[in-house]
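# Coordinates in review
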Amino acid sequence: AQKITQTQPGMFVQEKEAVTLDCTYDTSDPSYGLFWYKQPSSGEMIFLIYQGSYDQQNATEGRYSLNFQKARKSANLVISASQLGDSAMYFCAMRVSDMRFGAGTRLTVKP
Amino acid sequence: NAGVTQTPKFQVLKTGQSMTLQCAQDMNHEYMSWYRQDPGMGLRLIHYSVGAGITDQGEVPNGYNVSRSTTEDFPLRLLSAAPSQTSVYFCASSYSGTSAYNEQFFGPGTRLTVL
C-alpha cells in the first residue's frame, strides 16, 4: 500500500526567503510519480511540479524545486524567493496506479 | 478546452436523499477519479477509472457508486446521503490510465452539505 506523510501542519516564511515543505512516502513499487499541488483559499487545485521515480535529476519549475532523496523516500518542495501569493495549502501526492495525497501543509508568507 | 467541469457547484441534501455529481472532461483523458476533501484535511480517493467501462475503489468508497460509460464522463452517485458525506468533492483526470508519471487536472469542486 502507498502512503504519503506531510508532518508540518503549518509553516511561516518571510517574504523573499526560501522555504522547504517536507514530504515522505512509502511504496514497494519501483515505478511511481511524486507530485506537488497548491490549493489557495479559493479552493482550486493547481499542479506545481512532478518527479518520476527513475529521474536522476531533481525537478525544477521556476521558483519551485523538488528535493528528491530516493533512499530516504523523501520528496520535499523548495520554494525560493517566497511571495505573498504563495500563501496556500500545499499537498504532496504519489501515484502508482492511483494517486494518493498527504494531509497538506498550510504555508503563510509574512510581509 | 473547458478542461474538467463539475456540476453542481453547491448542493444541499437531506439525509436519505440520492443525487449524482457530474464530472466531464474534454481532453480525451483515459484516467478519471473522485476525491473528497473534509475541512482542514487532504484529499481522499473515493473511486477511480483507468478507462471507459473500468472502475475501481479508492480509500473511502462506501456510500458512493460510479460508472464510466464514456471516456468523457465519470458521474459519482450518492445512493442515500448521510451527514458524514458533507464535504467538498473534486473530480480529476489525467492522460494515461496506467502511467504513474502523469499529473492530474482537477475540476473546481462541488461543495455538498447533507442535513
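In short, a report on the structure.

Once that is clear, we can look at the environment of proline 39 of chain B. Residues and elements named next belong to chain B. Within the fold, proline 39 resides in the loop between strand 4 (31-37) and strand 5 (43-51). Proline 39 sits in the exposed class, given a relative accessible area of 75%. Between the C-alpha atoms of proline 39 and arginine 77, which are 38 residues apart in sequence, the distance is 21 Å.

Residue and element names in this part refer to chain A. In this structure, glutamine 8 sits in the loop between strand 1 (3-5) and strand 2 (10-14). In this structure the side chain of glutamine 8 is engaged in a polar contact, spanning 2.7 Å, whose partner is the backbone nitrogen of aspartate 22. Other than its neighbours up to four places away in sequence, glutamine 8 contacts Thr20, Leu21, Asp22, Gly104 and Thr105.

Trp36, Ile49, Leu77, Tyr90 and Leu107 of chain A are the most contacted members of the largest nonpolar core, which totals 25 residues. Among the secondary structure elements, those contributing two or more residues to this core are strand 3 (19-21), strand 5 (33-39), strand 6 (46-52), strand 8 (64-69), strand 9 (74-79), strand 10 (88-95) and strand 12 (105-110) of chain A. Discounting residues that sit within four places of it in the chain, leucine 77 of chain A has contacts with Val19, Thr20, Leu21, Trp36, Leu48, Ile49, Tyr64, Ser65 and Tyr90 of chain A. Formed by 18 residues, the second largest nonpolar core is a distinct cluster that contains Leu21, Ile46, Val66 and Leu76 of chain B.

All names here are of chain B. The antiparallel open sheet is built from four strands, whose spatial order is 1-3-8-7. Among the strands making up the open sheet, the edge pair consists of strand 1 (4-7) and strand 7 (64-66). Across the sheet, the mean angle from the axis of one strand to that of its neighbour is 20°, orientation sign disregarded. Two strands pair when backbone bridges link them, and strand 7 and strand 8 (residues 76-78) are joined in this way by three bridges, in the antiparallel orientation. Residue valine 66 lies in a different strand from strand 8, and its bridge partner there is leucine 76.

Across the contact, 22 residues belong to chain B and 23 residues belong to chain A. Interface area for chain B against chain A, summed over the two sides, is near 1700 Å², with a carbon-plus-sulfur share of 53%. Contact with chain A buries area across many residues of chain B, yet Leu43, Ala100 and Tyr101 of chain B alone supply 32% of it, more than any other trio. Across the contact surface, chain B and chain A share one salt bridge. Between arginine 100 of chain A and glutamate 59 of chain B there is a salt bridge, with the nearest N and O atoms lying 3.9 Å from each other. Across the contact surface, chain B and chain A share seven residue pairs in polar contact (both at pLDDT 80 or more). Counting residues per element, the ones that place at least two in the side of chain B that touches chain A are strand 4, strand 5 and strand 9 (87-94) of chain B.

Analysis parameters
- Residues numbered from 1 in each chain as written.
- Chains lettered and ligands numbered in written order.
- Predicted model: local features only at pLDDT ≥ 70, side-chain atom pairs only at ≥ 80, totals over all residues.
- Heavy atoms only, no water.
- Helix = DSSP H or I, 4+ residues; strand = E, 2+ residues; numbered from the N terminus.
- Buried < 20%, exposed > 50% of the residue type's maximum accessible area, 1.4 Å probe, protein only.
- Polar contact = N/O pair within 3.5 Å; in protein donor to acceptor, adjacent residues only side chain to side chain.
- Contact = heavy atoms within 4.5 Å.
- Core = buried A, V, L, I, M, F, W, Y, C linked by side-chain atoms within 4.5 Å.
- Pairing = 2+ DSSP bridges.
- Axes fitted to C-alpha atoms, helices over the stretch in contact; angles between N-to-C directions.
- Buried area = accessible area lost by both parts, 1.4 Å probe.
- Salt bridge = Lys/Arg side-chain N within 4 Å of Asp/Glu carboxyl O.

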